[in-house]
Amino acid sequence: MAETVKVSELAEALNLEIVEGTENSLEREIITGDISRPGLELTGYFNYYSHDRLQLFGSKEITFAERMMPEERLMVMRKMCAEDTPGFIVSRGLEVPAEMIQACKEHEITILRSPISTSRLQGELSSFLDGRLATRTSVHGVLVDVYGLGVLIQGDSGIGKSETALELIKRGHRLIADDRVDVYKQDELTLVGEPPKILQHLIEIRGIGIIDVMNLFGASAVRGYMQVQVAVYLEAWAKDKKYDRLGTDDTTVEIGGVDVPQIKIPVKTGRNVAIIIEVAAMNFRAKTMGYDATKTFENRLTQLIEENSGN
């Protein structure tokens, strides 16, 4: 389900100055992460005007507008104030034209201002809106930050996912979400997970109930969101099943439209799953940095065979 973002939420999140705005205008909803730079519109060309987007004014737009006659400037600004236009944003702390303020007052549209550069502001706006407006998918599991790596712990019900996460939290790692993780695509290769608001900072342990991780372990034990970089699947140990012992099985699982590397860990009495996940996370990071212990072992084995065959 795609969320909506109110203009007031955007202003608060990016610390934007409200130059003009009413209670109603700040409640307007932003429905797209695309940002409009209305250069052609200032010349009077409105055939393809993106009226449902935030209208971003930088130095070029403001300088061009200043060269227009006041009557012409007011006419253009009024035409830009469509019924579904969420708001106007001025970058670099530039002076807002009086005609823009007048037109926005007439149509109850908010004007925001930021001191940062136009390109940087556009990037921050797009990044924030794309994340908030992206379609969410709920997956069953526990998302934990292990050494800065987003680890999604999955497995059958009752296998010990939450208990493992609790052990990881006690060892200094951070909880993002327990039981249900809301995931969305930040881009084609990046998956981000966050907790549903009702479950934020909470974890359920059978026999104890629901505990507040932030209250018990402190603010450093939780995070609001995290990129999902690796999925760990916990499965019950089966005596007759063959398991990967060298780490040569490169498997992935599709989550929210993104293929995520998956590690399967058999669970049985006596195995400290939390420590295994810690080591799996460190080993995965080492692989991404170019070091693969499996390949090192295979190279050593090949060298040993060659040496023995030469004797």
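Residues numbered from 1 in each chain as written. Predicted model: local features only at pLDDT ≥ 70, side-chain atom pairs only at ≥ 80, totals over all residues. Heavy atoms only, no water.

What about the overall build of the protein?
Argument step 1. Per the secondary structure count, the protein includes eleven helices and 19 strands.
Argument step 2. The globule rule puts the C-alpha radius of gyration for 311 residues at 19 Å, and the 27 Å found for the protein is more than 25% above it.
Argument step 3. Overall, the protein is about 90 × 60 × 30 Å in size when its C-alpha atoms are taken along their principal axes.
Argument step 4. The buried share among the 311 residues of the protein stands at 43%.
Argument step 5. Within the protein, counting contacts between residues at least 6 apart in sequence, those at least 24 apart form 68% of the total.
Argument step 6. Accessible surface for the protein amounts to roughly 17300 Å². Of this, 49% is attributable to carbon and sulfur atoms. (Helix = DSSP H or I, 4+ residues; strand = E, 2+ residues; numbered from the N terminus. Rg over C-alpha atoms; globule rule 2.2 N^0.38 Å. Buried < 20%, exposed > 50% of the residue type's maximum accessible area, 1.4 Å probe, protein only. Contact = heavy atoms within 4.5 Å. Areas by Shrake-Rupley, 256 points an atom, 1.4 Å probe, with all protein chains shown as cover.)

Brief notes about helix 7 (residues 118-133)
Within an α-helix, residues lying three or four positions from one another point in the same direction, as the helix has 3.6 residues per turn.
Argument step 1. The terminal C-alpha atoms of helix 7 lie 22 Å apart, and with 16 residues this matches the ideal 22 Å at 1.5 Å per residue to within 8%.
Argument step 2. Every buried residue of helix 7 is listed here: T118, L121, L125, S126, F128, L129, G131 and L133. (Expected span 1.5 Å × (residues − 1).)

A word on the UniProt feature "active site" (unreviewed entry) in the protein
Argument step 1. On the UniProt side, "active site" (unreviewed entry) is annotated at positions that read H140, K161, D179 and R245 here.
Argument step 2. Looking at where H140 falls in the secondary structure, it is placed in strand 8 (residues 137-140).
Argument step 3. Contact partners of H140, with chain neighbours within four places excluded, come to Q154, G155, K161 and D179. (UniProt positions renumbered as here; feature names shortened; annotations may be inferred.)

Some words on the pairing of strand 6 (residues 87-90)
Argument step 1. Across the two faces of strand 6 the burial is the same, with G87 and I89 and F88 and V90 all buried.
Argument step 2. Taken together, the three bridges between strand 5 (residues 54-57) and strand 6 define a ladder with parallel strand orientation. Looking at strand 6, one finds that Q55 is bridged to F88.
Argument step 3. One ladder, built from four bridges, connects strand 6 with strand 7 (residues 110-113); its direction is parallel. Each bridged residue has a counterpart across the sheet, and for F88 the counterpart in strand 7 is I111.
Argument step 4. Taken together, strand 6, helix 6 (residues 98-107) and strand 7 constitute a β-α-β crossover, and its handedness is right-handed. (Pairing = 2+ DSSP bridges. Right-handed = clockwise from strand over helix to strand, strands pointing away.)

With respect to a nonpolar patch on the surface
Argument step 1. Where nonpolar side chains cluster on the molecular surface, the patch consists of Y147, I275, V279 and M282 and spans about 350 Å² of accessible area.
Argument step 2. Note on placement: V279 falls in helix 10 (residues 273-288).
Argument step 3. A relative accessible area of 46% places V279 in the partly exposed class. (Patch = residues over 30% accessible without salt bridge, like charges linked within 9 Å, V, L, I, M, F, W, Y side chains within 5 Å. Salt bridge = Lys/Arg side-chain N within 4 Å of Asp/Glu carboxyl O.)

With respect to the packing of helix 5 (residues 70-80) against helix 6
Argument step 1. As a packed pair, helix 5 and helix 6 sit with axes 9 Å apart at the nearest point and diverge in direction by 35°. For the crossing formed where helix 5 meets helix 6, the hand is right-handed. Of helix 6, the residues touching helix 5 (which contributes P70, R73, L74, M77 and R78) are E99, M100, Q102, A103, E106 and H107.
Argument step 2. When its residues are assigned to classes, the contact of helix 5 with helix 6 shows five nonpolar, two polar and four charged. (Axes fitted to C-alpha atoms, helices over the stretch in contact; angles between N-to-C directions. Left-handed = near helix turned anticlockwise from the far one by under 90°. Nonpolar A, V, L, I, M, F, W, Y, C, P; charged D, E, K, R; others polar.)

What to know about the sheet that holds strand 4 (residues 35-36)
Each strand in a sheet pairs with its neighbour through backbone hydrogen bonds, running either in the same direction (parallel) or in the opposite one (antiparallel).
Argument step 1. If you walk across this open sheet you meet the five strands as 2-7-6-5-4, and the pairing is mixed. Since the sheet does not close on itself, it has two edges, and those belong to strand 2 (17-20) and strand 4, each with one partner.
Argument step 2. Contacting strand 2, strand 5, strand 6 and strand 7, helix 6 runs over the sheet at an angle of about 80° to strand 2.

Here we look at the side chain of T164
Argument step 1. Within the fold, T164 resides in helix 8 (residues 161-170).
Argument step 2. Looking at T164, the relative accessible area reads 8%, which means it is buried.
Argument step 3. Apart from the residues within four sequence positions on either side, T164 is in contact with I153, L234, V273, A274 and I277.

Concerning the pattern of salt bridges
Argument step 1. All told, the structure shown has 14 salt bridges when counted by the stated rule.
Argument step 2. One salt bridge connects R73 with E99, and the closest N-O pair in it is separated by 2.8 Å. Here R73, found in helix 5, pairs with E99, found in helix 6; they are 26 residues apart in sequence, far enough to count as distant. The pair R73 / E99 is uniform in exposure class, with both members buried.

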